[in-house]
Amino acid sequence: EAQVTQNPRYLITVTGKKLTVTCSQNMNHEYMSWYRQDPGLGLRQIYYSMNVEVTDKGDVPEGYKVSRKEKRNFPLILESPSPNQTSLYFCASSLLDRPDNEQFFGPGTRLTVL
Amino acid sequence: EDQVTQSPEALRLQEGESSSLNCSYTVSGLRGLFWYRQDPGKGPEFLFTLYSAGEEKEKERLKATLTKKESFLHITAPKPEDSATYLCAVQATSGTYKYIFGTGTRLKVLA
């Protein structure tokens, strides 16, 4: 089944404790992206990647790191999480040459930073 | 600055009562405008992509249209299962491949 998977789905952590949220897709998509979703602010893009070893900032990259060492994986790293990073996070992927550029979203990771 | 504004924030309709959702956008150049549907607790699901003014796309009870400044998502004779949050996003031609999303319209269709 074609899908985007994220782990963990739920995470409660404390300020300053480094964490990684994994994202994997099995559709051989070039484009991968991370978003955060907050009430009243909508979906905001954190980072995206056009292909292996190619990453670029979205609108809210501060406090986050990403890497794209393999085409299928795009982990999101919070080196020193803070309470303002408490949010619902989505990973997404898409092909670059499809006419509709449809993004496929993962199920989400709900992160709470105490 | 690229920007997307959706209205209304929330909409309640009776089953069968048609209406439209609005997405106004400001971009330096439009690469594409996208509509997604999001159910509570789930990731967004793709509905449509529009690329140029005058373009229209349809899927079941939904029809998306595009002008140079805004897009409409028309819902004809909605059913309770159409209840969801509808998200609009744009991608600009400014050399990046960023997506800018609006804050969405929460639609509730009452039986």
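Structural data are supplied above this passage.
This report concerns the structure included in the present document. (Residues numbered from 1 in each chain as written. Chains lettered and ligands numbered in written order. Predicted model: local features only at pLDDT ≥ 70, side-chain atom pairs only at ≥ 80, totals over all residues. Heavy atoms only, no water.)

### As for the overall build of chain A
- From N to C terminus, chain A includes zero helices and eleven strands.
- Mapped in sequence order, the helices and strands of chain A form the string β-β-β-β-β-β-β-β-β-β-β.
- Computed over the C-alpha atoms, the radius of gyration of chain A is 13 Å, within 12% of the 13 Å expected from 2.2 N^0.38 for a compact globule of 114 residues.
- Along the first, second and third principal axes, the C-alpha set of chain A runs to 40 × 30 × 30 Å.
- Looking at chain A residue by residue over its 114 residues, the buried ones come to 51%.
- Within chain A, contacts between residues at least 6 apart in sequence are counted, and of these 54% link residues at least 24 apart.
- On chain A, the mean spot of the 13 positive side-chain charges and the mean spot of the 12 negative ones are 8 Å from each other. (Helix = DSSP H or I, 4+ residues; strand = E, 2+ residues; numbered from the N terminus. Rg over C-alpha atoms; globule rule 2.2 N^0.38 Å. Buried < 20%, exposed > 50% of the residue type's maximum accessible area, 1.4 Å probe, protein only. Contact = heavy atoms within 4.5 Å. Lys, Arg positive; Asp, Glu negative; His and termini not counted. Charge placed at Lys NZ, Arg CZ, Asp CG, Glu CD.)

### Some points on the sheet that holds strand E8 (residues 76-78) of chain A
Residue and element names in this part refer to chain A.
- Taken together, four strands build an open sheet; the order of strands is E1-E3-E8-E7 and the sheet is antiparallel. Since the sheet does not close on itself, it has two edges, and those belong to strand E1 (4-7) and strand E7 (65-66), each with one partner.
- When strand E3 (residues 19-25) meets E8, the two strands line up antiparallel, connected through three bridges. Residue pairing in the sheet places Leu19 in a bridge with Leu78 of E8. (Pairing = 2+ DSSP bridges.)

### Notes on the side chain of Ser93 of chain A
All names here are of chain A.
- One can find Ser93 in strand E9 (residues 87-94).
- Given the relative accessible area of 0%, Ser93 is considered buried.
- One polar contact links Ser93 to His29, side chain to side chain, over a distance of 2.8 Å.
- The contact partners of Ser93, leaving out residues within four places of it in the chain, are Val4, Gln25, Met27, His29, Tyr31, Met32, Glu102, Gln103 and Phe104. (Polar contact = N/O pair within 3.5 Å; in protein donor to acceptor, adjacent residues only side chain to side chain.)

### Looking at the nonpolar core
- With 25 residues, the main nonpolar core has Leu33, Trp35, Leu73 and Tyr86 of chain B as its most contacted residues.
- Those residues in contact with Tyr86 of chain B, other than ones at most four positions away along the chain, are Gln6, Leu21, Trp35, Tyr36, Arg37, Leu47, Leu62, Leu73, Gly104, Thr105 and Leu107 of chain B.
- Counting residues in hydrophobic clusters, the runner-up holds 19 residues, among them Val21, Met32, Tyr64 and Cys91 of chain A. (Core = buried A, V, L, I, M, F, W, Y, C linked by side-chain atoms within 4.5 Å.)

### With respect to the environment of Ala111 of chain B
Residue and element names in this part refer to chain B.
- Inspection of the secondary structure puts Ala111 in the segment after strand E11 (105-110).
- In this structure, the C-alpha to C-alpha distance between Ala111 and Glu1, residues 110 residues apart in sequence, is 41 Å.
- Not counting chain neighbours up to four residues away, the residues in contact with Ala111 comprise Gln14, Glu15 and Pro80.

### Concerning the interface of chain A and chain B
- Tallying the contact residues gives 23 residues for chain A and 20 residues for chain B.
- Overall, the association of chain A and chain B removes approximately 1700 Å² of surface from exposure, summing both partners, and the carbon and sulfur fraction of that is 54%.
- For the pair chain A and chain B, the number of links is one salt bridge.
- Measuring nitrogen to oxygen at the nearest pair gives 2.8 Å for the salt bridge that ties Asp59 of chain A to Lys98 of chain B.
- Our count for the chain A to chain B interface comes out at seven residue pairs in polar contact (both at pLDDT 80 or more).
- For the side of chain A that touches chain B, the secondary structure elements donating two or more residues are strand E4 (31-38) and strand E5 (42-51) of chain A.
- Here the side of chain A that touches chain B gets five residues from one element, more than from any other, and that element is E5 of chain A.
- The residue inventory of the side of chain A that touches chain B, partitioned by class, reads ten nonpolar, eight polar and five charged. (Buried area = accessible area lost by both parts, 1.4 Å probe. Salt bridge = Lys/Arg side-chain N within 4 Å of Asp/Glu carboxyl O. Nonpolar A, V, L, I, M, F, W, Y, C, P; charged D, E, K, R; others polar.)

### Observations regarding the state of the cysteines
Residue and element names in this part refer to chain B.
- In the structure shown here, the tally under the stated rule is two disulfides over all chains.
- A sulfur-sulfur distance of 1.9 Å marks the disulfide that ties Cys23 to Cys88. Negative torsions about the S-S bond denote left-handed disulfides, and the value of about -65° found for Cys23 with Cys88 makes this one left-handed. With a gap of 65 residues between them, Cys23 in strand E3 (residues 19-26) and Cys88 in strand E9 (residues 84-92) connect regions that are remote in the sequence.
- Given a relative accessible area of 0%, Cys23 falls into the buried group.
- What makes Cys88 buried here is its relative accessible area of 0%. (Disulfide = S-S within 2.5 Å.)

Fair warning: the whole summary comes from geometry, so function is off the table for now.
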